[in-house]
Every structure is written in structure tokens, then in C-alpha cells.
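Residues per chain, in single letters:
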Amino acid sequence: FDPARYTSKAVSATARDGAEIPVTLAYRRDRFRRSDNPLYLTAYGAYGVTLDPVFRPEWISLMDRGFVVGIVHVRGGQAKGRGWHEAGRGFAKRHTFEDFVDATDELVELGFGHPKRVFARASSAGGLIIGHLATTAASRYAGLIAHQPFVDMLTTLADDTLPLTARELGEWGDPAESSAYHFIRSISPYDRLVPQAYPALLVTAGYQDRQVRFHEPLKWIQRMRRLDEGSALLLFDIDMTAGHSGS
């Protein structure tokens, strides 16, 4: 690895409501061709967790093949302080999804990626973003990756026998309350699936996962396959020895 071959930069994208979304990008200098590179984005956007732009050795292979890689610091995280978290939780959760889509569009407009070669990946609570993209922004992405995605929100949050449900309600809302029930249903990826062509998708789950049970992504991908009107691959893999963070 020769660090002189690569560069990183912080840019800002404007969300539809005027908020400025920080984005951290990295790419290999001699592989960059304006508006022609594949673009690979990730985000989390929940619990006030910030994905720090640290060195990620697994991204070197992507950059060596011409990818521009990036982290979109969407609302729901805490990249711009506590208010950034509050602006992307509970009834404000749609900001998280809109921030990611709007940042994608602006990055493409700025020439950081080819419009037909955009990919996105997220995991766990960040998987909600992938669920949103698959249904409402499918044409913008050539492929999506969702690891242990929290995509069956309503069923999970309504089950108080699960170990994390009680503390989750403060982040998402309590479906026992009518207004929260209808809002959660309106953003839950499983409940939002419709007949349409879906982009290529890789979904993974851990059979031993106690945080996002394997049946959540399994239900989601199976229903998507029934409704899919396209021809892209919708792949699903369960690691029988893995928990939420791996084997």
C-alpha cells in the first residue's frame, strides 16, 4: 500500500430541505475519471452513531479498481452534534433516507461517479437506508448490499419479548401508540415493498444474531422476490455460525 496513490476529501451535499450533509470520499488519484468511476457509498444514521472516516484496508481493493468510496454522514448519526441525531430519529427518520438519496444525486452531478454505476451498502439499523433505496430509489443504484438489515420494524418493535425492544422504542417510537404505529409502518422496508423492478441486491444474516433476527431479512428478500418485476439478482446468505457482528 502506497498512500501517495490515494486521496481523501470532505465535501458537502445539500438535502432537499436545505440541510448540508457532510460526505467523506476517497479514491485512487490515477484511476479517477470525472463522471465515469463506479461510486460506492455507505452510511449508518441511527442512535447518534457516527461512522468515522478512518482507514479501511478492505476499501483499497475497490479503489485500485477505480471505485470512489464514501461515507454519507446522514442525520440520525451525530456527525454535526446532538441535534443531528435528533433530526433523524423518531418522526424525523425520513431525513436519514432523504439525506442519502440527495447526497448520491449531488455526488453524481459533481462527477464523483457514473450515474449507472452507483452502489450502496449499510448494515443493521443502517440497513433501513438500503430498504428505502430498494423501494423508492431503485433506478439510482446498480447494486445494493444489506448486512443484518433492520427491515421488519413493525413486527420487531411490537414484540416486547425481544431483548432490545424496550430500549429501541426511544429511537423509533412505540407502535402501541397509534401515530407511531402508522409512521413506523410507513417507513418499514418490509411493509413498503411494492410490485416493481428491484436493483441487484445482496442481503446477509447471521443465524445466531440476537439483535436483528435472521427472519427479518429473510422475510424481506422473499417478499421482494415475489413482487419483483425485474431480472436483477436478489441474493440472500445466512451464516449459520454468525451473530450480529460475525462468527
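Refer to the structure printed above.
Residues numbered from 1 in each chain as written. Predicted model: local features only at pLDDT ≥ 70, side-chain atom pairs only at ≥ 80, totals over all residues. Heavy atoms only, no water.

Asker: So what exactly am I meant to see when it comes to the nonpolar core here?
Answerer: Grouped burial of nonpolar side chains is what soluble globular proteins tend to show. By size, the foremost hydrophobic cluster in this structure holds 55 residues, and its most contacted members are Phe100, Leu133 and Trp220. Judged by nonpolar contacts, the second largest core, of 10 residues, contains Tyr40, Trp59, Ile60 and Ile71. (Core = buried A, V, L, I, M, F, W, Y, C linked by side-chain atoms within 4.5 Å. Buried < 20%, exposed > 50% of the residue type's maximum accessible area, 1.4 Å probe, protein only.)

Asker: Please clarify how helix α4 (residues 127–136) should be interpreted in this entry.
Answerer: Turn by turn, an α-helix covers 3.6 residues, leaving residues three or four places apart pointing in a common direction. Among the 10 residues of α4, nine are classified as buried, and the element is accordingly described as predominantly covered. Burial in α4 covers these residues: Gly127, Leu128, Ile129, Ile130, Gly131, His132, Leu133, Ala134 and Thr135. (Helix = DSSP H or I, 4+ residues; strand = E, 2+ residues; numbered from the N terminus.)

Asker: Would you explain the packing of helix α3 (residues 94–109) against α4 in this entry?
Answerer: The geometry of a pair of packed helices is captured by two quantities: the angle between their axes and the separation between those axes. Remark: α3 packs on α4, axes separated minimally by 10 Å, with the N-to-C direction vectors making an angle of 65°. Overall, the two elements α3 and α4 adopt an arrangement that is roughly perpendicular. You can see that α3 and α4 cross each other, and the crossing is right-handed. Counting all contacts with α3, which are made through Thr96, Phe97, Phe100 and Val101, the residues of α4 involved are Leu128, Ile129, His132 and Leu133. When grouped by side-chain class, the residues that make up the contact of α3 with α4 number six nonpolar, two polar and no charged. (Axes fitted to C-alpha atoms, helices over the stretch in contact; angles between N-to-C directions. Parallel < 35°, antiparallel > 145°, perpendicular 65-115°, else oblique. Left-handed = near helix turned anticlockwise from the far one by under 90°. Contact = heavy atoms within 4.5 Å. Nonpolar A, V, L, I, M, F, W, Y, C, P; charged D, E, K, R; others polar.)

Asker: Can you walk me through the pairing of strand β6 (residues 143–147) in this structure?
Answerer: Walk down a regular strand and you will see the side chains alternate between the two sheet faces. Sheet analysis places strand β5 (residues 118–123) next to β6, joined by five bridges and oriented parallel. Looking at the pairing, Phe119 lines up with Gly143 of β6. Viewed along the sheet, the connection from β5 through α4 into β6 turns out right-handed. In this sheet, strand β7 (residues 200–206) lies alongside β6 in parallel orientation, the contact comprising five bridges. Paired with Gly143 across the bridge in β7 is Ala200. (Pairing = 2+ DSSP bridges. Right-handed = clockwise from strand over helix to strand, strands pointing away.)

Asker: Help me understand the sheet that holds strand β3 (residues 39–42), please; the structure alone is not making it clear to me.
Answerer: Backbone-to-backbone hydrogen bonds pair the strands of a sheet. The strands run either parallel or antiparallel. In space, the eight strands of this open sheet follow the order β1-β2-β4-β3-β5-β6-β7-β8, with mixed pairing throughout. Lying at the two open borders of the sheet, with one neighbouring strand each, are β1 (6–14) and β8 (234–239). Between one strand axis and the next, the sheet turns through 15° on average, direction left out of account. Of the strands in this sheet, β5, β6 and β7 touch α4, which is tilted by about 140° from β5. This element, helix α9 (residues 215–227), spans β6, β7 and β8 of the sheet and lies at about 160° to β8.

Asker: It is not clear to me how the packing of aromatic side chains should be interpreted in this structure. Could you clarify?
Answerer: Geometrically, a pair of aromatic rings is defined through the distance of the ring centres and the angle of the planes. One pass over the structure, following the stated rule, counts 13 aromatic pairs. Between Tyr44 and Tyr47, the aromatic rings sit 6.5 Å apart at their centres with planes inclined by 40°, giving tilted as the arrangement. Judged by relative accessible area, Tyr47 falls into the partly exposed class, the value being 32%. Each ring, one from Tyr207 and one from Phe214, has its centre 4.9 Å from the other, and the planes form 35°; the classification is tilted. The exposure class of Phe214 is buried, given its relative accessible area of 19%. (Phe/Tyr/Trp six-rings, centres within 6.5 Å; stacked < 30°, edge-to-face > 60°.)

Asker: Where do I start with the pattern of salt bridges in this structure?
Answerer: Opposite charge on two side chains allows them to pair when their charged atoms are near. Tallying each qualifying case throughout the model produces 11 salt bridges. Ionic pairing is found between Arg28 and Asp64, a salt bridge with its closest N-O pair at 3.1 Å. Residue Arg28 is located in strand β2 (residues 20–28), and its partner Asp64 is located in helix α1 (residues 60–64); the two are separated by 36 residues in the primary sequence. The partly exposed category is assigned to Asp64, whose relative accessible area is 27%. Residues Glu86 and Arg82 are paired through a salt bridge, measuring 3.4 Å at the closest nitrogen-oxygen approach. Of the two residues, Glu86 and Arg82 are both situated in helix α2 (residues 82–86); the distance of four residues between them amounts to about one turn of the helix. (Salt bridge = Lys/Arg side-chain N within 4 Å of Asp/Glu carboxyl O.)

Taken by themselves, the reported measurements are silent on function.
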